[in-house]
Amino acid sequence: VLFLSVATNALGHDGATGVVKERMEYFKQSKNNLKAIKAHIARKNYESIIPLAIEIRDWAGKMTKYFPEGSGVDPSEAAPEVWSDFEGFEKAALLHFDAANKLISSAKSKNQKNIVEAFGITASTCKSCHQLYRVD
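In short, a report on the structure. (Residues numbered from 1 in each chain as written. Predicted model: local features only at pLDDT ≥ 70, side-chain atom pairs only at ≥ 80, totals over all residues. Heavy atoms only, no water.)

## With respect to the overall build of the protein chain
Turning to step 1, where the next piece is worked out: In terms of regular secondary structure, the protein chain is built from six helices and zero strands.
Turning to step 2, where the next piece is worked out: When the elements of the protein chain are put in sequence order from the N terminus, they spell out α-α-α-α-α-α.
Turning to step 3, where the next piece is worked out: Across its three principal axes, the protein chain shows a C-alpha extent of roughly 45 × 35 × 20 Å.
Turning to step 4, where the next piece is worked out: Relative to its 136 residues, the protein chain shows a buried fraction of 37%. (Helix = DSSP H or I, 4+ residues; strand = E, 2+ residues; numbered from the N terminus. Buried < 20%, exposed > 50% of the residue type's maximum accessible area, 1.4 Å probe, protein only.)

## Comments concerning the nonpolar core
Turning to step 1, where the next piece is worked out: I37, I41, I49, L103, I115 and F119 are the most contacted members of the largest nonpolar core, which totals 17 residues.
Turning to step 2, where the next piece is worked out: Of all elements in the fold, only α2 (18–42), α3 (46–62), α5 (86–109) and α6 (112–133) reach the threshold of two or more residues within this core.
Turning to step 3, where the next piece is worked out: If one sorts the elements of this core by residue count, α3 sits on top with six residues.
Turning to step 4, where the next piece is worked out: Excluding residues within four positions of it along the chain, I41 makes contact with I49, Q112, I115, V116 and F119.
Turning to step 5, where the next piece is worked out: Within the second largest apolar cluster, twelve residues are counted, among which are A78, W83, A93 and Y133. (Core = buried A, V, L, I, M, F, W, Y, C linked by side-chain atoms within 4.5 Å. Contact = heavy atoms within 4.5 Å.)

## Overview of the packing of aromatic side chains
Turning to step 1, where the next piece is worked out: This model, assessed by the stated rule, comprises nine aromatic pairs.
Turning to step 2, where the next piece is worked out: Note on F27 and F67: the rings are 6.2 Å apart at their centroids and 65 degrees apart in plane angle, and the pair reads as edge-to-face. You can see F27 sitting in helix α2 and its partner F67 sitting in the loop between α3 and α4 (81–84), a full 40 residues away along the chain.
Turning to step 3, where the next piece is worked out: F27 sits in the partly exposed class, given a relative accessible area of 28%.
Turning to step 4, where the next piece is worked out: With relative accessibility at 5%, the residue F67 sits in the buried group.
Turning to step 5, where the next piece is worked out: Among the aromatic residues, those joined into a cluster by ring pairs are Y26, F27, W59, Y66, F67, W83, F86, F89 and Y133. (Phe/Tyr/Trp six-rings, centres within 6.5 Å; stacked < 30°, edge-to-face > 60°.)

## As for the pattern of salt bridges
Turning to step 1, where the next piece is worked out: Overall, the coordinates contain four salt bridges when judged by the stated rule.
Turning to step 2, where the next piece is worked out: Put simply, D58 and R57 hold a salt bridge, and the shortest N to O gap is 3.0 Å.
Turning to step 3, where the next piece is worked out: What makes D58 partly exposed here is its relative accessible area of 38%.
Turning to step 4, where the next piece is worked out: The salt bridge partner of E87 is K91, with a shortest N-O separation of 3.5 Å. Remark: K91 and E87 occur in helix α5; sequence separation between them is four residues, near one turn of the helix.
Turning to step 5, where the next piece is worked out: The exposed category is assigned to E87, whose relative accessible area is 52%. (Salt bridge = Lys/Arg side-chain N within 4 Å of Asp/Glu carboxyl O.)

Written out as structure tokens, the structure is:
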């Protein structure tokens, strides 16, 4: 199963160029950052969370610019709803930005309970956006 998952992810970027490839790479980096943050939380390595969460926040802040009209063509995984409900997509990106910002603040405060909560919210903003704006 792990092999199939890795193979599918690798194939997902095959043929991607330009803005589609760039946004796929940003999403992949955010996913990797979330995995790393989860490990840092478990080890209570709070300082290491901050730069990873900053990358996630910064991506959320510019994400919508990587979805110009007409960029939903294969191999893009963006659902047509990105463009038909662009205002909703912008709101989802803003929620993700705010959640990542809270994660940064929580990591700086070194409060484990707040960090875990902020991490959960950040991860859930990814998931909820994918449910609406990504083709699986």
